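Chain residues, written in single-letter form:
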Amino acid sequence: MFHHRQSDVPELHQEIAQLRREVKNRRMKVSQVSNDIIQYCDAHIGNDPLLMKIPMNENPFRDRSRPCVLL
């Protein structure tokens, strides 16, 4: 049997409560989730700024005419 200090008891109760919450989570197969992610990415590819070119007037990182000056 495990022996714990009295000061460890609240922490152990919190850990048990967390494990009880986690065991209720719905599990899905990785293969199904990865297929869902691929389908989502394919459906939203036109809105991805990393894949599509951002118009220069909408690009917040465009080259500014004034250089950044640090004091």
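Residues numbered from 1 in each chain as written. Predicted model: local features only at pLDDT ≥ 70, side-chain atom pairs only at ≥ 80, totals over all residues. Heavy atoms only, no water.

## Side note on the overall build of the protein
Consideration 1: Helix and strand counts for the protein come out as 2 helices and 0 strands.
Consideration 2: Counting every position in the protein, which comprises 71 residues, the buried fraction comes to 1%.
Consideration 3: Carbon and sulfur atoms make up 58% of the accessible area of the protein, which amounts to about 7,800 Å² in all. (Helix = DSSP H or I, 4+ residues; strand = E, 2+ residues; numbered from the N terminus. Buried < 20%, exposed > 50% of the residue type's maximum accessible area, 1.4 Å probe, protein only. Areas by Shrake-Rupley, 256 points an atom, 1.4 Å probe, with all protein chains shown as cover.)

## Topic: a nonpolar patch on the surface
Consideration 1: Together, I45, L50, L51 and M52 line one region of the surface with nonpolar side chains, adding up to about 450 Å² of accessible area.
Consideration 2: Within the secondary structure, L51 is located in the segment after α2 (30-43).
Consideration 3: In this structure L51 comes out as exposed when scored by relative accessible area, which is 56%. (Patch = residues over 30% accessible without salt bridge, like charges linked within 9 Å, V, L, I, M, F, W, Y side chains within 5 Å. Salt bridge = Lys/Arg side-chain N within 4 Å of Asp/Glu carboxyl O.)

## A short note on the environment of R27
Consideration 1: When you line up the elements, R27 lands in the loop between α1 (9-23) and α2.
Consideration 2: For R27, the side chain forms a polar contact with the main-chain oxygen of E22, separated by 3.4 Å.
Consideration 3: Only 3.5 Å separates the side chain of R27 from the backbone oxygen of N25, close enough to count as a polar contact. (Polar contact = N/O pair within 3.5 Å; in protein donor to acceptor, adjacent residues only side chain to side chain.)

Function-wise, these values are silent; they only describe arrangement.
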